[in-house]
Amino acid sequence: DMSWDLTIQRPSEFPVTVPHVDTASLGLGLRYAPNGCTLVVTQIAEGPMLEWNLQHPDRAVRKHDRIIELNGARGVPAHLLKASECAPMLNLVVLHYPP
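Report follows, based on the coordinates. (Residues numbered from 1 in each chain as written. Predicted model: local features only at pLDDT ≥ 70, side-chain atom pairs only at ≥ 80, totals over all residues. Heavy atoms only, no water.)

**Focus on the overall build of the chain**
Item 1. Check the secondary structure of the chain and you find two helices and five strands.
Item 2. Along the chain, from the amino end to the carboxyl end, the secondary structure elements read β-β-β-α-β-α-β.
Item 3. Taking the principal axes of the C-alpha coordinates as reference, the chain spans close to 60 × 30 × 20 Å.
Item 4. A burial count over the chain gives 34% of its 99 residues as buried. (Helix = DSSP H or I, 4+ residues; strand = E, 2+ residues; numbered from the N terminus. Buried < 20%, exposed > 50% of the residue type's maximum accessible area, 1.4 Å probe, protein only.)

**Notes on the sheet that holds strand 1 (residues 12-19)**
Item 1. In space, the five strands of this open sheet follow the order 1-5-4-3-2, with antiparallel pairing throughout. Across the chains shown, the open sheet's two edge strands, defined by having one partner strand only, are strand 1 and strand 2 (28-31). Looking at each pair of strands side by side, their axes are set apart by 40° on average, direction ignored.
Item 2. With eight bridges connecting them, strand 1 and strand 5 (residues 89-96) associate as antiparallel partners. Residue pairing across strands places Phe14 opposite Val94, the latter belonging to strand 5.
Item 3. Across the sheet, helix 1 (residues 48-55) lies against strand 1, strand 2 and strand 3 (39-44), angled at about 125° from strand 1, the strand it touches most. (Pairing = 2+ DSSP bridges. Axes fitted to C-alpha atoms, helices over the stretch in contact; angles between N-to-C directions. Contact = heavy atoms within 4.5 Å.)

**Considering the pattern of salt bridges**
Item 1. Tallied over the full model, the rule gives two salt bridges.
Item 2. Of the charged contacts, one joins Arg74 and Glu69 as a salt bridge, the two residues approaching to 2.6 Å between their closest N and O atoms.
Item 3. Linking Lys82 and Glu85 is a salt bridge whose minimum nitrogen-to-oxygen distance equals 3.8 Å. (Salt bridge = Lys/Arg side-chain N within 4 Å of Asp/Glu carboxyl O.)

**Examining a nonpolar patch on the surface**
Item 1. Side chains of Leu30, Tyr32 and Leu81 sit close together on the surface and give an oily, nonpolar patch of about 250 Å² of accessible area.
Item 2. Its place among the elements puts Tyr32 in the loop between strand 2 and strand 3.
Item 3. A relative accessible area of 45% means that Tyr32 is categorised as partly exposed. (Patch = residues over 30% accessible without salt bridge, like charges linked within 9 Å, V, L, I, M, F, W, Y side chains within 5 Å. Areas by Shrake-Rupley, 256 points an atom, 1.4 Å probe, with all protein chains shown as cover.)

**A look at the nonpolar core**
Item 1. Judged by nonpolar contacts, the single largest core of 18 residues is most densely connected at Val16, Val18, Val61, Ile67 and Leu92.
Item 2. Sorting the residues of this core by element identifies strand 1, strand 3, helix 1, strand 4 (66-70) and strand 5 as the ones contributing at least two each.
Item 3. Once you skip the residues sitting within four places of it in the chain, Val16 turns out to touch Met49, Trp52, Arg59, Val61, Leu90, Asn91, Leu92 and Val94. (Core = buried A, V, L, I, M, F, W, Y, C linked by side-chain atoms within 4.5 Å.)

**A look at unusual backbone geometry**
Item 1. Positive phi values are uncommon outside glycine, yet Asn71 reaches one of about 50°.
Item 2. Within the fold, Asn71 resides in the loop between strand 4 and helix 2 (77-82).
Item 3. Here the phi dihedral of Cys86 falls at roughly 60°; this positive angle occurs in a residue that is not glycine.
Item 4. Relative to the helices and strands, Cys86 resides in the loop between helix 2 and strand 5.

Structure follows, in structure tokens:
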């Protein structure tokens, strides 16, 4: 007999607001599937995102989290990325799965 153990995890969803001025990089590595609907965080480095994490450890953005909304835009990654252009503040909605 073969059996499977299945664990279902529901992500927590939380808002993140970071400034997007006078910085070359947010300190956020991202990847996405062309037909997907989220941006996947691949790394956190020096920049406003790391500062957010240090100031908000209970809502820190981590590797493998997913950005599902950026400045009010949802949907295909190209729309999410376009919503960040020339914006002085980035308002994100992030999905975080427990480790």
